[in-house]
Amino acid sequence: MTSRDTILAAIRANQPDRLPLPEQFTFETTYPDLAAQFAEVLAFVGGQAVNVPDYAAIATYLRQTYADVLSIGTTIPELADVADLDLTLITVPHDLVGLNLAIIGGQLGVAENAAIWVDEQHIPSHFRAMPMITQYLAIIIREVDLVSNMHEAYRRIDVAATGFGTFISGPSKTADIEQSLVIGAHGARGLTVFILKE
Amino acid sequence: MKIGLFIPCYVDQFYPQVAKATLTLLEQLGCTVDYPLNQTCCGQPMANSGYAHLAGGCDDNFIRNFAGYDYVVSPSGSCTLHIKQHLHGHNAATDNDASAIRGRVYELTEFITDVLKVESLPAKNQVHPHRVRPLRVGLHQSCHGQRGLHLSPMSELVGNQGVSKPARLLKMVNGVELVDLDRRDECCGFGGTFCVTEEAISAKMGKDRVADHLRHNVDVITGVDVSCLMHMQGILRRQESKVEVKHISELLVN
Amino acid sequence: MSNLSHAEAAAVFNKDEARVDWHDETLWFVRSKRDRAAQSIPEWEGLREAASQIKNHVLSNMHDLLTQFEQKAIANGIMVHWAADAAEHNAIIRQILADNKVNQLVKSKSMLTEECHLNEYLKEHGVDVIDSDLGERIVQMRGEAPSHIVLPAIHLKRGDVGDTFHKHLGTDAGATDPQYLTEAARQHLRDTFLTRKVALTGVNFAIAETGGFVVCTNEGNADMGVHLADVHIACMGFEKVIPRAEHLGVFLRLLARSATGQPITTFSSHFHKPRKGQQMHLVIVDNGRSRQLGRADFRNSLKCIRCAACFNTCPVYRRSGGHSYHTAIAGPIGSILAPNLDMRQNVDLPFASTLCGSCSNVCPVKIDIHEQLYKWRQVLMQEGHGPTAKTLAMKTMASVLESPRLYRMAGKVGRGVLRFAPVVAENGLNPWYTHREMPEPPAESFRDWYINNKQ
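Cut-offs used in this document
Residues numbered from 1 in each chain as written. Chains lettered and ligands numbered in written order. Predicted model: local features only at pLDDT ≥ 70, side-chain atom pairs only at ≥ 80, totals over all residues. Heavy atoms only, no water. Helix = DSSP H or I, 4+ residues; strand = E, 2+ residues; numbered from the N terminus. Rg over C-alpha atoms; globule rule 2.2 N^0.38 Å. Contact = heavy atoms within 4.5 Å. Areas by Shrake-Rupley, 256 points an atom, 1.4 Å probe, with all protein chains shown as cover. Lys, Arg positive; Asp, Glu negative; His and termini not counted. Charge placed at Lys NZ, Arg CZ, Asp CG, Glu CD. Pairing = 2+ DSSP bridges. Axes fitted to C-alpha atoms, helices over the stretch in contact; angles between N-to-C directions. Core = buried A, V, L, I, M, F, W, Y, C linked by side-chain atoms within 4.5 Å. Buried < 20%, exposed > 50% of the residue type's maximum accessible area, 1.4 Å probe, protein only. Phe/Tyr/Trp six-rings, centres within 6.5 Å; stacked < 30°, edge-to-face > 60°. 1 Å grid on protein atoms, 1.4 Å probe; cavity = no way out; pocket = protein on both sides within 12 Å on 5 of 7 lines; lining within 4 Å. Points joined across faces, edges and corners; volume = space filled by probe spheres on them. Nonpolar A, V, L, I, M, F, W, Y, C, P; charged D, E, K, R; others polar. Domains from an automatic or database assignment. Buried area = accessible area lost by both parts, 1.4 Å probe. Salt bridge = Lys/Arg side-chain N within 4 Å of Asp/Glu carboxyl O. Polar contact = N/O pair within 3.5 Å; in protein donor to acceptor, adjacent residues only side chain to side chain. pLDDT = per-residue confidence, 0-100.

Peer 1: So what about the overall build of chain B? Which residues, and what values?
Peer 2: A count of helices and strands for chain B gives 13 helices and eight strands. Scaling as 2.2 N^0.38, a compact globule of 254 residues should have a C-alpha radius of gyration of about 18 Å, and chain B matches this with 18 Å. Its C-alpha atoms give chain B principal-axis dimensions of roughly 55 × 45 × 40 Å. Taking the contacts inside chain B whose residues are at least 6 apart along the sequence as the reference set, 76% of them involve residues at least 24 apart. If you sum the accessible surface of chain B, you get close to 8700 Å²; carbon and sulfur atoms cover 47% of it. In chain B, 25 positive and 27 negative side-chain charges are present, and the distance between their average locations comes to 5 Å.

Peer 1: So what's going on with the sheet that holds strand 6 (residues 176–179) of chain B? Residues and values would help.
Peer 2: Residues and elements named next belong to chain B. Reading across the sheet, the four strands line up as 6-5-7-8 and stay open at both edges, with parallel pairing between neighbours. Of all the strands in the sheet, the pair left with one neighbour each is strand 6 and strand 8 (244–247). Going from strand to strand, the sheet's axes swing by 35 degrees on average, the running direction of each strand aside. As paired strands, strand 7 (residues 220–223) and strand 8 are joined by four bridges and run parallel to one another.

Peer 1: Give a detailed account of the nonpolar core, specifying residues and quantitative values.
Peer 2: In this structure, A:Phe167 and C:Phe213 are the most contacted members of the largest nonpolar core, which totals 244 residues. Formed by 22 residues, the second largest nonpolar core is a distinct cluster that contains C:Ile96, C:Leu105, C:Leu118 and C:Leu200.

Peer 1: Could you give an account of the packing of aromatic side chains, naming the residues involved and the relevant values?
Peer 2: Taken as a whole and assessed by the stated rule, the structure comprises 21 aromatic pairs over all chains. An angle of 80 degrees between the planes, with centres 5.3 Å apart, marks the rings of A:Tyr61 and A:Phe194 as edge-to-face. Residue A:Tyr61 is found in helix 3 (residues 55–65), and its partner A:Phe194 is found in strand 11 (residues 190–196); the two are separated by 133 residues along the sequence. Centre to centre, the rings of C:Phe213 and C:Phe271 are 5.4 Å apart; their planes meet at 20 degrees, and the pair counts as stacked. Placement of C:Phe213 in strand 6 (residues 212–217) and of C:Phe271 in strand 9 (residues 267–271) is noted, with a sequence separation of 58 residues between them. The pair C:Phe213 / C:Phe271 is uniform in exposure class, with both members buried.

Peer 1: Now, about empty space enclosed by the protein: what can you tell me, with residues and values included?
Peer 2: Over the atoms a probe the size of a water molecule is rolled, and this reveals where empty space is left. Residues and elements named next belong to chain B. Applying the stated criterion across every chain yields a total of eleven cavities of 30 Å³ or more. Approximately 280 Å³ is the volume found for the largest cavity. The wall of the largest cavity is formed by 24 residues, among which Ser78, His144, Phe190, Gly192 and Ser227 lie closest to the centre. Of all the secondary-structure elements, those providing two or more residues to the lining of the largest cavity are helix 1 (9–14), helix 3 (44–48), helix 5 (77–86), helix 8 (143–148) and helix 12 (226–238). The element best represented in the lining of the largest cavity is helix 3, accounting for three residues. For the lining of the largest cavity, the per-class residue count stands at twelve nonpolar, ten polar and two charged. Looking at the lining of the largest cavity, you find at least three residues from each of domain 1 (3–115) and domain 2 (135–252). Estimated volume of the second largest cavity: approximately 90 Å³. Looking at side-chain class alone, the lining of the second largest cavity contains 13 nonpolar, no polar and one charged residues.

Peer 1: Give me the lowdown on the arrangement of the chains, citing residues and values where you can.
Peer 2: In this assembly, two pairs of chains are in contact, and the pair contributing the most contacts is chains A and C. There is no contact between chain A and chain B; across them, the least C-alpha separation is 16 Å.

Peer 1: Tell me about the interface of chain B and chain C, and name the residues and values.
Peer 2: Across the boundary between the two partners, chain B contributes 74 residues, which contact 84 residues of chain C. Roughly 6900 Å² of surface becomes buried between chain B and chain C when both sides are summed, with 60% attributable to carbon and sulfur atoms. Among the residues of chain B in contact with chain C, B:Gln13, B:Phe14 and B:Val158 are the three that bury the most area, contributing 11% of the side total. Linking chain B with chain C are ten salt bridges. Linking C:Lys454 and B:Glu27 is a salt bridge whose minimum nitrogen-to-oxygen distance equals 3.1 Å. Counting across the chain B and chain C interface gives 42 residue pairs in polar contact (both at pLDDT 80 or more). Of the residues contributing to the side of chain B that touches chain C, the split by class is 35 nonpolar, 24 polar and 15 charged.

Peer 1: Quick one: what's the story with the domain arrangement of chain B, residue by residue and with numbers?
Peer 2: Residues and elements named next belong to chain B. Split into domains, chain B comes out as domain 1 (3–115) and domain 2 (135–252). Taken over C-alpha atoms, the centre of domain 1 sits 22 Å from the centre of domain 2. Contacts between domain 1 and domain 2 engage 25 residues on the former and 21 residues on the latter. For the pairing of domain 1 and domain 2, the buried interface totals around 1900 Å² over both sides, and the portion due to carbon and sulfur atoms is 66%. By the criterion of area lost to domain 2, the three top residues of domain 1 are Tyr15, Leu81 and Thr109, representing 26% of everything that side buries. The tally of links from domain 1 across to domain 2 stands at one salt bridge. Of the charged contacts in the structure, one is a salt bridge between Asp114 and Lys165, with a shortest N-O distance of 2.8 Å. Here domain 1 and domain 2 share ten residue pairs in polar contact (both at pLDDT 80 or more) between them.

Peer 1: Describe the confidence of the model for chain C, listing the residues and the values that go with them.
Peer 2: All names here are of chain C. A residue-level look at chain C finds 96% of positions with pLDDT of 70 or above and a mean pLDDT of 94. Here residues 418–427 is modelled with pLDDT under 50, and outside its nearest four sequence neighbours on either side it reaches 29 contacts, counting other chains as well. Reported confidence for the predicted complex is 0.98 by ipTM and 0.96 by pTM.

Peer 1: Explain the domain arrangement of chain C to me, and be specific about the residues and the numbers.
Peer 2: Residue and element names in this part refer to chain C. Structurally, chain C comprises domain 1 (1–38 + 297–386), domain 2 (41–287) and domain 3 (394–454). Taken together, the contact pairs 37 residues of domain 1 with 37 residues of domain 2. Summed over both partners, the interface of domain 1 with domain 2 buries about 3300 Å², with 62% contributed by carbon and sulfur atoms. Inspection of the domain 1/domain 2 interface yields three salt bridges. A salt bridge links Asp160 to Arg19, with the nearest nitrogen and oxygen atoms 2.8 Å apart. At the surface where domain 1 touches domain 2, the tally comes to 14 residue pairs in polar contact (both at pLDDT 80 or more). Among the secondary structure elements, those contributing two or more residues to the side of domain 1 that touches domain 2 are helix 2 (17–39), helix 14 (309–313) and helix 17 (358–362).

Peer 1: Which residues make up the interface of chain A and chain C, and what are the values?
Peer 2: If you look at the interface, chain A gives 70 residues, while chain C gives 99 residues. Contact between chain A and chain C buries roughly 6900 Å² in total, counting both sides, with carbon and sulfur atoms accounting for 61%. Linking chain A with chain C are six salt bridges. Between A:Arg4 and C:Glu70 there is a salt bridge, and its shortest N-O distance comes to 2.7 Å. Where chain A meets chain C, there are 41 residue pairs in polar contact (both at pLDDT 80 or more). Of all the elements in the fold, those that place two or more residues in the side of chain A that touches chain C are helix 1 (3–14), helix 2 (34–44), strand 5 (115–119), helix 4 (130–133), helix 5 (150–156), strand 8 (164–168), strand 9 (173–174) and strand 10 (182–183) of chain A. Among the elements that make up the side of chain A that touches chain C, the one with the highest residue count is helix 1 of chain A (eight residues). Its residues assigned to classes, the side of chain A that touches chain C comprises 33 nonpolar, 26 polar and eleven charged. Here strand 8 of chain A pairs with strand 9 of chain C via five bridges, running antiparallel. Considered in strand 9 of chain C, the bridge of A:Gly165 is made with C:His270.

Below you can see the structure in the form of structure tokens.
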């Protein structure tokens, strides 16, 4: 017998009688203002939310904030003018290493924990590393795509729609040295989330 | 109402004043109480050491002493919990008795609150007639009473868990001021034979628990389990502290 | 791993009381953050119950969920391997490295690989392994094991880390600023991420319905490793499988809040297919889990999602440190998992607890940890793993306590002897007195008083 068969046979022999899944395992959460809740939690986890009326406002904000920054890349056509890198020329993820600012889209944002779902509809497969390898990260979500909690988020997304997807909540961080919080462990050192009203 | 008083072995031997206070308190609350003379021990010292299989004789003796009572009441959360969870008979008849006892055994403050439904102490109790300031009392939440018997709300859980039974009773005593602790339900480290098999940790836990009470300037440390109190008292005495340790029955009794 | 028992190692740890106080306060801070996060969710107890029931279902339906998961994962292009034990797990990983002609590996946190001692094994076979989680990298440089499954270097002070980084990364002597030290590790590990061809991760959840798996980190180190590597190897104990993606809503709401008080980890990455040109391997490991699944009293230890809330709340763990548990997974959960792996070697662990029950209360999947500690004690002593002196003393004590006559006689002879008899017999000294006084024995027992005054 292969190990597979041995293991599965042992499991079949040892598992208890079937117990049902719970009928109720999702909960409703209500917030008076999803965007405000999202912004508050994002600040708590080290990021910042910016409410904007349109892409022009995002472009203005980014140009001001990252005026002296080179190596900006985006996957969002509306913000192509803000970028100075042509990502279509990059074919291996390692070449993203010089990226200082990555600007990407997200499918939805979760108010309870400031998590944003990003999958390969927002970043191409060979750019999976993009939200982590960049020094700074900006994600654009639409205000209508804010949901209250994770149960609602999983109802809206299809985790297997593409080969990879991730919830991102804040910039990368660690507290591995004496529980002292440091932002910018291996991934982005800063996260700005633009909440687009339109 | 036929009440059997269950006095844990170490209370019988080392803390007879706690047993007397418990008996007197119950009588002051209008109960008629029996003390079965052949009782010994609940068997927990063996069971918690991994020798529950040697506790059958204790079980049988316990059943012989306490079968037939409407209620079995004890001034110990830990021994009460042990009986509630682990008392078994070794034939059909005694197992029936064991099952009845398991359903009728109560820790003292639990009994006073849930069965007697006491709303005020009979004669207005006062800690000392000549005290000029309230007696500052630190309540140690013994784990088995708190997390096992749900005598008090637990800091780990979310939502309404009701009121603390021992705290509610202490607040009925004139002149008692209950003190808030930094860690309101951390274990004292007694833990049965743990107190000697893991001596370093046990003593450190006890020192830390005592220090929390001392930081809040308590006059007295009280609780529902004499075992935890004996451990903390041992540490206080080694430190030559003047802080007293009393079982809750000693504060509630008139 | 140390040869000392938990009690012996704990006694050594307690020689530096100031350090014990610091360790206790640091972990209590994490527990307090967990409390605040839990209190912010009104349905917290409902979530715990749901998580518990989902996991109960998983245990009862393990065979079918795993075969469903395997089938979907293979269809997704993931190569699935099965390992009966640690040796097979390690050999599979070595073979994948050999097949790719690679002798370097970057690894994000996986307690399973700690359990299997993968690092030591690969080192013996000439493979250079770099742990990329900051805490794991720190302990790896020091030649230590992690002392905590979520916070591997929690036993170290910033000065210790500063010294280690000065030695291994050339940071300034005496520099202890966590920001500065983390930046040094960031630069050092960036080079690692960019040059390693094979990256290994753990698995937090495997989704049977879709054949994908989820890896959670705060640092982004798992993602950095695998998205830049040609080969991704993910290792999981088989109990990580859950039925459907929507169940992740429950687990991801609980996991980080229980672990560190965060609302969710920074990255919760869902892997379903390798990126173009990449190989994705998944190793499903038993290593005693199927045996534990057969133990009715202990099987639900397999519900664990490795949040370590039970570590942070445990008053014993906080004052003894993770290394005193001499096993890859320390703390209360480790103490109910370890005896399944080796009863003789881990006989002390179920006794490293006061049975206070706080662990069971914080557990997000409602494992009855303290009750299992009690039950393991029974199994271990019944199977003869207790010291002979202890067994004899217990027999003596039981014979005294079950007999009213002997009990009364013993009480009269010396009230001090009664309760601590077993320990006195073991080493001739009563450890009670090291830090405590005994109560002064009263003149008469309650029973004597009762007979004289009430009858």
